[in-house]
Amino acid sequence: MSGNRAAARLQPQGSKDSGPKKRFQPERNRLMHSGIRAWAMVITRSVFNRAGPIVGAAAQLVRRDSGLYLTIAAYTLAGLVFLHAVGADDRSAYSIYFADWIKLNCLVFPIFVVIFDAILILYRFNSRRPLVVKATFSNSRLAYFLSGLCLLVALMIFQGTFTSVKNAMPVWQGGFRFDVVQADIDNFLHFGVDPWRWLYAVAKNDAVRVLVEWNYNALWFLLNFTTLFFVATSPKAASIRTRYLVCFMAVWIVVGNVLAALFLSAGPAFYGLVTEDTARFGEQLAFLAKGLGAPNSAVSNQNYLWSLNEAGQTGFASGISAFPSVHVALVTLNALFLREYNRYLGALAFLYVAFVAASSVYLAWHYAIDGYVAASVTLLIYVVARKLVPADRRLPAPRTQPAARPEAVLAIS
């Protein structure tokens, strides 16, 4: 008996349930294989059998977006004229974005969308799964997706123009002329204290710094550019599509180029380099330097930007300007649109706006007024666009001849 008990103790923990698991394993595999076959069939039908109606509907959406394309073309032309006028033709940055932008918007995001949809359908829907599959790969969804990709490719040129103009702004201004004025306004508005000192009094901590850097240099980009991808490619955002994209481009142009060029400043991270006053933000920069070389390090990114500026070269996301903050402007824009959908989510989004604004000061990228002005100008852009840009009507689904039903594939024989 003792030998039998010892053998039982040595037996693997899950051996008692191995019989039922083995019985259910073929059924589970068969369900998985049927789901994979269904997806393969639907994708094949979507790409090949319905290409004509889908392309036709996408072309109709592209025509509807003609105003956006014209805006991008006009902005690009104006940017090139500006570069030539200030003698900064060598600051052009169009080629820098091509590979990464195409890879992100035409490969990574679409793959993520397909995987997300597949997981959602396979694990959330059972009896209605065929209908959900058909809706997911409907002609309307694919037409919006295709036209959205076309628009995102055009926005790649838009971003190239933005960076090119940003690189040329110090050439036009002959340097960064407004740092002392903006830092002094900051000090006045915050009761005679530079705002970063208020933040460091309660949050001067390495763990906080790492979290803030990760949010500011990684999560911010993910949230803002996935939002852009969703609005551009999803029929669910059809009613706000044009208005959002008009606001999106206006934020980059007005906040990131026009106001930035007129009141060009480098920001606290570069204050000592442009004013020779290294003491004012010295303690802050010494603390941030503890993260030098770490992933998402603010100081590492700041050193990268300054080295390009000094060399008169362009690079990915190159160019220096503090006032106003595009980081704050874009999250403000997203919060305003999210509030239209749900007030509670909008409230959370505005809390995130406050966090990003505080982070921009904490990491020495911006003066506090950069965030205040950016949020105010973005609100003005949003209000004007809401009055002047009408809501888009969702296109009716293009008709096609019925093909083999996915139910036939999903049926378990």
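All values reported here derive from a predicted model rather than from experimental measurement. (Residues numbered from 1 in each chain as written. Predicted model: local features only at pLDDT ≥ 70, side-chain atom pairs only at ≥ 80, totals over all residues. Heavy atoms only, no water.)

With that settled, the discussion passes to the overall build of the protein. Scanning the protein for helices and strands turns up 18 helices and zero strands. Within the protein, the fraction of its 413 residues that count as buried is 47%. Residue pairs in contact within the protein that sit at least 24 positions apart in sequence constitute 86% of those at least 6 positions apart. When the accessible surface of the protein is summed, it comes to about 21,600 Å², and 65% of that surface belongs to carbon and sulfur atoms. (Helix = DSSP H or I, 4+ residues; strand = E, 2+ residues; numbered from the N terminus. Buried < 20%, exposed > 50% of the residue type's maximum accessible area, 1.4 Å probe, protein only. Contact = heavy atoms within 4.5 Å. Areas by Shrake-Rupley, 256 points an atom, 1.4 Å probe, with all protein chains shown as cover.)

Glancing now at the environment of serine 92. Tracing the chain through its elements places serine 92 in the loop between helix 4 (66-85) and helix 5 (94-124). For the pair formed by serine 92 and threonine 163, sequence separation is 71 residues and the distance between their alpha carbons is 7.8 Å. In contact with serine 92, not counting residues within four places along its chain, are Leu83, Ser164 and Thr314.

Where nonpolar side chains cluster on the molecular surface, the patch consists of Leu107, Val108, Ile111, Ile115, Ile119 and Tyr123 and spans about 600 Å² of accessible area. Relative to the helices and strands, tyrosine 123 is located in helix 5. On the basis of relative accessible area, tyrosine 123 is assigned to the exposed category, the value being 64%. (Patch = residues over 30% accessible without salt bridge, like charges linked within 9 Å, V, L, I, M, F, W, Y side chains within 5 Å. Salt bridge = Lys/Arg side-chain N within 4 Å of Asp/Glu carboxyl O.)

With 16 residues, helix 15 (residues 326-341) should cover 22 Å at 1.5 Å per step; its first-to-last C-alpha distance of 23 Å lies within 8% of that length. Burial analysis of helix 15 places 12 of its 16 residues in the buried class, the great majority of the element. All buried positions along helix 15 are accounted for by Val326, His327, Val328, Ala329, Leu330, Val331, Thr332, Leu333, Asn334, Ala335, Leu336 and Phe337. Near the N-terminus of helix 15, the side chain that reaches the backbone nitrogen of histidine 327, with its oxygen 3.4 Å away, is that of serine 325. (Expected span 1.5 Å × (residues − 1). Polar contact = N/O pair within 3.5 Å; in protein donor to acceptor, adjacent residues only side chain to side chain.)

What follows covers the pattern of salt bridges. Taken as a whole and assessed by the stated rule, the structure comprises 10 salt bridges. A salt bridge links lysine 204 to glutamate 283; its shortest N-O distance comes to 3.5 Å. Of this pair, lysine 204 sits in the loop between helix 9 (195-203) and helix 10 (206-233) while glutamate 283 sits in helix 13 (residues 282-288), and the two are 79 residues apart along the sequence. Residues arginine 209 and aspartate 206 are paired through a salt bridge, measuring 3.6 Å at the closest nitrogen-oxygen approach.

The next subject is the side chain of histidine 366. Examined against the element boundaries, histidine 366 turns out to sit in the loop between helix 16 (343-362) and helix 17 (368-388). Residue classification places histidine 366 among the buried positions, given a relative accessible area of 7%. For histidine 366, the side chain forms a polar contact with the main-chain oxygen of alanine 322, separated by 2.6 Å. Those residues within four positions of histidine 366 in sequence are excluded, and the remaining contacts are Tyr216, Pro268, Ser321, Ala322, Pro324, Ser325, Ser360 and Val361.

So, on to unusual backbone geometry. The residue after phenylalanine 323, namely proline 324, is reached through a cis peptide bond having omega -15 degrees. Looking at where proline 324 falls in the secondary structure, it is placed in the loop between helix 14 (298-311) and helix 15. Here glutamate 276, not a glycine, exhibits a phi torsion of approximately 70 degrees, which is positive. Tracing the backbone shows glutamate 276 in the loop between helix 12 (271-275) and helix 13. A residue is classified by how much of its surface remains accessible, and glutamate 276, at 74% relative accessible area, is exposed. Residues other than glycine seldom take positive phi values, yet alanine 364 does so here, at roughly 70 degrees.

For the rest of this paragraph, the subject is the packing of aromatic side chains. Counting across every chain of the model gives 25 aromatic pairs. Each member of the aromatic cluster is reached from another via a ring pair, and the members are Phe162, Tyr244, Phe248, Trp252, Phe337 and Tyr382. If you follow arginine 209 out to its NZ or CZ, it ends over the ring of phenylalanine 287, 5.9 Å from the centre. (Phe/Tyr/Trp six-rings, centres within 6.5 Å; stacked < 30°, edge-to-face > 60°. Lys NZ or Arg CZ within 6 Å of the ring centre and 35° of its normal.)

For the rest of this paragraph, the subject is helix 9. Buried residues of helix 9: Pro195, Trp196, Tyr200 and Ala203, and no others. Projection of helix 9 onto a plane perpendicular to its axis shows the buried side chains occupying an angular sector of 130 degrees, all on one side. Facing away from the buried surface of helix 9 by more than 90 degrees, the exposed residues are Ala201 and Val202. Residues of helix 9 that are buried sit in contact with helix 8 (179-189), helix 10, helix 13, helix 16 and helix 17. (Arc of directions from axis to C-beta.)

Glancing now at the confidence of the model for the protein. On average, residues of the protein carry a pLDDT of 86, and 80% of them reach 70 or more. Confidence scores differ between elements of the protein, with helix 18 (residues 406-410) showing the lowest mean pLDDT of 39 and helix 8 the highest of 98. The model gives residues 5-18 a pLDDT under 50, and that stretch makes zero contacts with residues more than four places away or in other chains. This model gives residues 400-413 a pLDDT under 50, and the stretch forms 24 contacts once residues within four places in sequence are excluded. (pLDDT = per-residue confidence, 0-100.)

Looking now at the environment of glutamine 313. Mapped onto the elements, glutamine 313 comes out in the loop between helix 14 and helix 15. On a C-alpha basis, the gap between glutamine 313 and serine 92 in space is 9.3 Å, while along the polypeptide they are 221 residues apart.

What follows deals with the state of the cysteines. For the structure shown, the criterion picks out zero disulfides. The thiol sulfur of cysteine 150 is not disulfide-bonded, and the nearest other cysteine sulfur, from cysteine 106, lies at 8.7 Å. What makes cysteine 150 partly exposed here is its relative accessible area of 37%. (Disulfide = S-S within 2.5 Å.)

The tendency in soluble globular proteins is for nonpolar side chains to be buried side by side. Grouped together as the largest cluster of nonpolar side chains are 91 residues, with contacts concentrated most on Leu155 and Leu228. In terms of residue count, helix 11 (residues 241-262) provides more of this core than any other element does, 13 residues in total. Not counting residues within four places of it along the chain, the set of residues in contact with leucine 155 comprises Ile72, Trp101, Leu228, Leu245 and Met249. (Core = buried A, V, L, I, M, F, W, Y, C linked by side-chain atoms within 4.5 Å.)

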